[in-house]
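# Architecture at a glance
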Amino acid sequence: MDLGVRWKLHGDGRTPAPGAVVRPDERLSWPRTVGLGAQHVVAMFGASFVAPVLMGLDPNLAIMMSGVATVIFLLATRGRVPSYLGCSLSFVGVAAVIRAQGGTSATVTGAVLVVGAVLFVVGLAVQRFGARIIHAAMPPIVTGAVVMLIGFNLAPVTASTYWPQDQWTALLVMLFTGLAVVCLRGFWSRIAIFLGLVFGYAVSWVFDLVFGKIHSVDASGKLTDHWRLDLSAVGQADWIGLPAFHGPSFEWSAVLVALPVVIALVAENAGHVKAVGEMTGDPLDDKLGTAISADGVGSMLSTAVGGPPNTTYSENIGVMAATRVYSTAAYWAAAGFALLFGLCPKFGAVVAAIPGGVLGGITVILYGMIGLLGAQIWTNAKVDLRNPLNLVPAAAGIIIGVGNVSMSFTDTFSLSGIALGTLVVITGYHALRAFAPAHLKTQEPLLDEGTSSYGGDAEDTEDGEGGQDGDGGTGPQRARS
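What comes next is a walk through the structure.

Conventions used here
Residues numbered from 1 in each chain as written. Predicted model: local features only at pLDDT ≥ 70, side-chain atom pairs only at ≥ 80, totals over all residues. Heavy atoms only, no water. Helix = DSSP H or I, 4+ residues; strand = E, 2+ residues; numbered from the N terminus. Expected span 1.5 Å × (residues − 1). Buried < 20%, exposed > 50% of the residue type's maximum accessible area, 1.4 Å probe, protein only. Contact = heavy atoms within 4.5 Å. Core = buried A, V, L, I, M, F, W, Y, C linked by side-chain atoms within 4.5 Å. Axes fitted to C-alpha atoms, helices over the stretch in contact; angles between N-to-C directions. Parallel < 35°, antiparallel > 145°, perpendicular 65-115°, else oblique. Nonpolar A, V, L, I, M, F, W, Y, C, P; charged D, E, K, R; others polar. Phe/Tyr/Trp six-rings, centres within 6.5 Å; stacked < 30°, edge-to-face > 60°. Lys NZ or Arg CZ within 6 Å of the ring centre and 35° of its normal. Salt bridge = Lys/Arg side-chain N within 4 Å of Asp/Glu carboxyl O.

### A closer look at helix H13 (residues 261-280)
For H13, built from 20 residues, the straight-helix expectation of 28 Å at 1.5 Å per residue is met to within 8% by its first-to-last C-alpha distance of 29 Å. Of all 20 residues making up H13, 18 are buried, and the element is well covered by its neighbours. Two residues or fewer after H13 comes Gly281, characterised by a positive phi angle close to 75°.

### As for the environment of Phe49
Mapped onto the elements, Phe49 comes out in helix H1 (residues 30-55). Owing to a relative accessible area of 7%, Phe49 belongs among the buried residues under this scheme. With 303 residues separating them in the primary sequence, Phe49 and Ala352 have C-alpha atoms 9.1 Å apart. Apart from residues lying up to four places away in sequence, Phe49 is in contact with Ile63, Phe194, Leu197, Phe347, Val351 and Ile354.

### Re the nonpolar core
Core analysis: the biggest nonpolar cluster contains 99 residues, and Phe49, Met55, Val266, Ile292, Ile354, Tyr367 and Trp378 have the highest contact counts within it. Of all the elements, H13 adds the most residues to this core, at eleven residues. Ranked by size, the runner-up nonpolar core spans five residues in total, among them Val22, Leu28, Val325 and Ala330.

### Examining the packing of helix H6 (residues 140-152) against helix H18 (residues 356-380)
Interaxial distance between H6 and H18 falls to 7 Å at its minimum, and their mutual angle equals 170°. One way to sum up the angle between H6 and H18 is to call them roughly antiparallel. When H6 is examined against H18, the residues Pro140, Ile141, Thr143, Gly144, Ala145, Val147, Met148, Gly151 and Phe152 are found in contact with a partner set consisting of Tyr367, Gly368, Ile370, Gly371, Leu372, Leu373, Gly374, Ala375, Ile377 and Trp378. Of the residues belonging to the contact of H6 with H18, the class tally is 13 nonpolar, six polar and no charged.

### Here we look at helix H4 (residues 105-129)
Its 25 residues place the ends of H4 36 Å apart at the C-alpha level, agreeing with the 36 Å of an ideal helix rising 1.5 Å per residue. One or two positions beyond H4, positive phi appears at Gly130, with a value near 95°.

### Concerning the packing of aromatic side chains
Scanning the model with the defined rule gives three aromatic pairs in all. Their ring planes at 85° and their centres at 6.0 Å tell us that Trp7 and Trp30 sit as a pair that is edge-to-face. Highlighted residues: Trp7 in the segment before strand E1 (8-9) and Trp30 in helix H1, separated in sequence by 23 residues. Measuring from centroid to centroid gives 5.5 Å for Phe207 and Phe211, while their planes differ by 80°, and the two rings are edge-to-face. Of the two residues, Phe207 and Phe211 are both situated in helix H10 (residues 192-211); the distance of four residues between them amounts to about one turn of the helix. Stacked on the ring of Trp239, the Lys or Arg Lys346 has its end atom at 5.1 Å from the ring centre.

### Description of the pattern of salt bridges
For side chains bearing opposite charge, pairing can occur when the charged atoms are close. Per the stated rule, a full pass over the model turns up five salt bridges. Lys8 is the partner of Asp25 in a salt bridge, and the nearest nitrogen-oxygen pair spans 4.0 Å. Here the residue Asp25 occupies a position in the loop between E1 and strand E2 (26-27), and Lys8 occupies one in strand E1, the gap between them amounting to 17 residues. We classify Asp25 as partly exposed; its relative accessible area is 36%. We note a salt bridge from Arg228 to Asp208, for which the minimum N-O separation is 3.0 Å. Of this pair, Arg228 sits in the loop between strand E5 (223-226) and helix H11 (232-236) while Asp208 sits in helix H10; the two residues are 20 residues apart in sequence, bridging distant segments of the chain. The two residues Arg228 and Asp208 agree in class, both being buried.

What follows is the structure, encoded as C-alpha cells:
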C-alpha cells in the first residue's frame, strides 16, 4: 500500500530548477528538507500556540498533537495533499462561551471531540456522494455568515478580558502586528502574529523595568499590582517531560455551542484542498472527503487526551508558495519538530506566560480577521447581498451571534450566541428559499474557493502578495476560523 512516504530526489537536491516546483512526492536533500520543516513550524507557531492559551488548554499538548494530527493527515491522503494541521482558532469563541457557562477544560474538549466526529462523518459523506452535498446544505451565504458570527462573537473576550490588563501594551502590539501584516513581505508576513508576540514580550519586559508593576486586572479579573511579564514558572519547569493529559466530559449544552464550527471547518478544508491542488497542478477534488475526515480524526484524537482541535493551516500554504517546495517530506520533518517541542515543559511555560496585554493587541486583529473571512467567502463566491433571500437570514443570524442573543426553551435548555445564530442562518435560508419567488432563487456558486484564493503561480506569491489565507482560522493572512 502506497502511504506517500517515499520521495524522489528533485534535481540536484539543492533548489528547484528554474520554472519547476518540488512536487509532493519529491524532496530536496535531507538537510534542506529538515530546514524547510523547521520553517513550517515557525510559520504555524503564532496561531498554533496562541489558540490553546486563549482556550485555556495546555500549549505543550497542543503543539505535540498538531504533529500527530499532521502525520495522520499525510498518511490518510497518501501524501498527495501537503498540509500542516495546527490548532484551530475557530473554537476559541466556543471555548469562551462554554467556560462562561461554567464548563471546564474537559467540557470544552468533550464538545470539540463531538465536532471532530461529525466532521469525520461529513468527510465520509463527501467521499461517497461528492462535494455537492456540502454546497446544497451550506451555500456560501450560509457559510460566510456562520464564519462571520463566530469571529465577531469573540469581541467581548478581547474587550473585557485581555485589553484591560495592560491597555498601552495592547495598543502597541496591535499597531506593530498590523504593520507587520501589511508591510512585511514573503515569509515574514506569514509569521506576523509570531513577531507580534515576540514584540509584546519585549515591550512588557521593558515596561516592567521602567515603570514597575502595573495596577490593573490580572488574568483572573482581580484588580491588583502585578508584573506584566511573570516568568517565574519558566524557571521551575523541566526541560523534558510529558504534557498534561486529561479526558473529555460531554454535556449537551456545550456540544450544541460547538457544532456550528463544523461549517467553518468544511469551508476551510475545501479552500485549502483546492488551493494546494492549483499550486501543485494535481487536481485534488477526489481527496476532499479524505482530507475532511482526516481533519476530524486528528481533532478527535487530540481532544480525547485533552488537547485542542486541529485544522489545515494556510500559513504553511503560503510558505510553499514562496519556496515552490510542496514536498510532504518537509511536513513529516515539521511534525517531528512539533513532537519534540511538546515534550519540553519549559517551552510550554514560556507560552503560558504571554502577558494579557499582548494577547489583547493580538486578538483585536486576529478575532476581527476571523470574522471578516466570512465576508471573503461571500466575495469569492460573488454572493449578492441585494437579494433579500441572502440578506435576511444572514443579517438576523449575525446579529444574534454577535450580540449573544439567547432563547430559553425550558428551565434547563436554552440556545444563544453562536449556536442560535447558526441555527437561524441555516434554517432561515432554506425555509425562505422554499417560499421565495423564482426570480430570487438564483443558482448559488459552489464553495470551490472555500476561504482561500490562492490560484496564481508560485512566483506571484513570493513577495507575500499572491494569496489570501484560508484557516480558523489562523495567522496574519489566514481565513480560518
